[in-house]
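Okay, here's what each chain looks like letter by letter:
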Amino acid sequence: MAALAIVGGGLVGASLALALQQGAKARGWNIALIEPFEPGSEYQPSYDARSTALSHGSRLLFERLGVWAGVQAESAPEPIRQIHVSDRGHPGITRLHAEQERVPALGYVVENAQLGRALLGALDERVVQWQAPARVVRAEPARTGWLLQVEQDGQLHEQATDLLVLADGGRSGLLEQLGIHRQVRPYGQTAIIANITSSQGHAGVAYERFTESGPLALLPMSAGRSALVWTQPEAQAEDVMALSDAAFLHALQDAFGFRMGALKRVGARHSYPLSLIEAEEQVRTGLVVLGNAAHSLHPIAGQGFNLSLRDVMALADTLSRAAPDQSPGELALLNGYLQRQRQDQQQTIAFSDGLTRLFSNRRPVLAAGRNLGLLGMDIVAPLKSVFARQAMGLKG
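Draft legend 1. Local environment of the overall build of the protein chain. Broken down by element type, the protein chain carries 12 helices and 21 strands. Among the 396 residues that make up the protein chain, the fraction classed as buried is 54%. Residue pairs in contact within the protein chain that sit at least 24 positions apart in sequence constitute 73% of those at least 6 positions apart. When the accessible surface of the protein chain is split by element, carbon and sulfur atoms take 52% of a total near 17300 Å².

Draft legend 2. Here's a closer look at the pattern of salt bridges. Enumeration according to the criterion identifies 11 salt bridges in this entry. E151 is the partner of R135 in a salt bridge, and the nearest nitrogen-oxygen pair spans 2.8 Å. In this pair, R135 sits in strand β9 (residues 134-141) while E151 sits in strand β10 (residues 146-152), placing the two residues 16 residues apart along the sequence. A relative accessible area of 45% means that R135 is categorised as partly exposed.

Draft legend 3. Inspection of the sheet that holds strand β7 (residues 107-111) at higher detail. The strand order across the open sheet formed by three strands is β3-β7-β4, and the pairing between neighbours is antiparallel. Both edges of this open sheet fall to β3 (51-55) and β4 (78-80), since each of them pairs with a single strand only. Going across the sheet, the axis of each strand differs from the next one's by a mean of 30°, ignoring polarity. Where β4 meets β7, three bridges bridge the pair, whose relative direction is antiparallel. Within β7, the residue paired with P79 across the bridge is Y108. Docked against the sheet, helix α5 (residues 112-122) engages β3 and β7, running at close to 90° with respect to β7.

Draft legend 4. Molecular detail of the packing of helix α1 (residues 11-27) against helix α9 (residues 304-320). The contact between α1 and α9 brings their axes to 9 Å, and the two run at 15°. If you check the angle between α1 and α9, you find them roughly parallel. As for the relative orientation of α1 and α9, their crossing is right-handed in sense. Between α1 and α9, the residues in contact are L11, V12, S15, L16, A19, L20 and R27 and F305, S308, L309, V312, M313, L315, A316, L319 and S320, respectively. Across the contact of α1 with α9, the residue classes tally to 12 nonpolar, three polar and one charged.

Draft legend 5. Representation of unusual backbone geometry in the model. Residue A132 is joined to P133 through a cis peptide bond whose omega torsion reads -5°. Residue position: P133 is located in the loop between β8 (128-131) and β9. Positive phi, close to 55°, is recorded for D153, a residue that is not glycine. Even without a glycine there, the phi angle at A223 is positive, about 60°.

Draft legend 6. Quick look at the sheet that holds strand β12 (residues 163-166). An order of β8-β2-β1-β12-β20-β19 is seen for the six strands of this open sheet, with the pairing classed as mixed. Of all the strands in the sheet, just β8 and β19 (283-284) have a single pairing partner and so form its edges. Pairing geometry for β19 and strand β20 (residues 287-289), over two bridges, is antiparallel. When the sheet's bridge partners are listed, R284 is paired in β20 with L287.

Draft legend 7. Structural context of the packing of aromatic side chains. Scanning the entire structure with this criterion turns up four aromatic pairs. For the pair F62 and F305, a centre-to-centre distance of 6.5 Å together with 20° between the ring planes defines the contact as stacked. Of the two residues, F62 sits in helix α2 (residues 56-64) while F305 sits in helix α9, which places them 243 residues apart along the sequence. Ring geometry for W230 and F248: centres 5.5 Å apart, planes at 70°, overall edge-to-face. On the criterion of sequence distance, the pair formed by W230 in strand β16 (residues 225-233) and F248 in helix α8 (residues 245-256) is long-range, its members being 18 residues apart. Owing to a relative accessible area of 0%, F248 belongs among the buried residues under this scheme. Across from the ring centre of F248, 4.4 Å away, lies the NZ or CZ of R269, which sits over that ring.

Parameters and conventions
- Residues numbered from 1 in each chain as written.
- Predicted model: local features only at pLDDT ≥ 70, side-chain atom pairs only at ≥ 80, totals over all residues.
- Heavy atoms only, no water.
- Helix = DSSP H or I, 4+ residues; strand = E, 2+ residues; numbered from the N terminus.
- Buried < 20%, exposed > 50% of the residue type's maximum accessible area, 1.4 Å probe, protein only.
- Contact = heavy atoms within 4.5 Å.
- Areas by Shrake-Rupley, 256 points an atom, 1.4 Å probe, with all protein chains shown as cover.
- Salt bridge = Lys/Arg side-chain N within 4 Å of Asp/Glu carboxyl O.
- Pairing = 2+ DSSP bridges.
- Axes fitted to C-alpha atoms, helices over the stretch in contact; angles between N-to-C directions.
- Parallel < 35°, antiparallel > 145°, perpendicular 65-115°, else oblique.
- Left-handed = near helix turned anticlockwise from the far one by under 90°.
- Nonpolar A, V, L, I, M, F, W, Y, C, P; charged D, E, K, R; others polar.
- Phe/Tyr/Trp six-rings, centres within 6.5 Å; stacked < 30°, edge-to-face > 60°.
- Lys NZ or Arg CZ within 6 Å of the ring centre and 35° of its normal.

Right, dumping it as structure tokens:
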């Protein structure tokens, strides 16, 4: 009987446990989900007050996992019917429409806490054992798999696992302990996030606008609200965060314009620095790195969690095809997962990083070129469809 340990019970870790549980039950595998916070705790970073933009492709994956109905039951996800891409001060605009792509919506905005409750509610406690609050203090390779030192209820105990999955986020201390280095390429930007209410509402439109200070996104949420991601140069972000609500809304209105009418209200603001981060290793014998621990992307293109969910499904599919006597931690098996998913990762990271760097550069020649590109994409249907399919997390 094989044992699997998933370190991190956030959106990525819980999705993996759910994707694995049916096959694990059939094979007699035990899954331990090790998490520093109680299930569904608001202090778990994955389940805080932020929202996640799910692509159409992610909706299909959640339907496959049988959890999409649960997501809708928590609170109907807000559909993105249209994506409007513009560059402030320039005429180039591209509009993507769900109807033209023949999908019910290009994506959906879901509050993290609601998504978390749906995932946790779908887990079978007979297959997935929660260990929370608990944390892995140390992990050492063993003759087969890994030996973990786990701290729980003030006590340390040892726990063996055939497969260790690190899904504990971008600040994973275990990566450093195991000597897994990450390439960090700072954008020199800080993301400011908040919920915004406008006089005209969003009408199901997600706005991606590129400004002198950096990319800005307003994504449709329930009750007519929009989720704001506003990137600022690091040197300016603190001053913007310190503005009064009225001054903040005025500055945002100046950068965004009046496509949603007057911006009337802003919720609690939070900020965090932005970098493209990639782990130099994602698999070892008996070990897989997932989620933000494996790759952390700029939020403006909304690709991060959607890529991680595709990684999760690819790993679960790979493990489901293992021979009955094959260990889930066998290196050849895990290398097969990474080879299968590598192209998707590279393309998505290049798409997100390239879009961010292109539209953060204010050089006149580049500005003219990208605006011609936006105008051309809006006119040339096949080109627009390629862009839309990448944004929706669909391949081919």
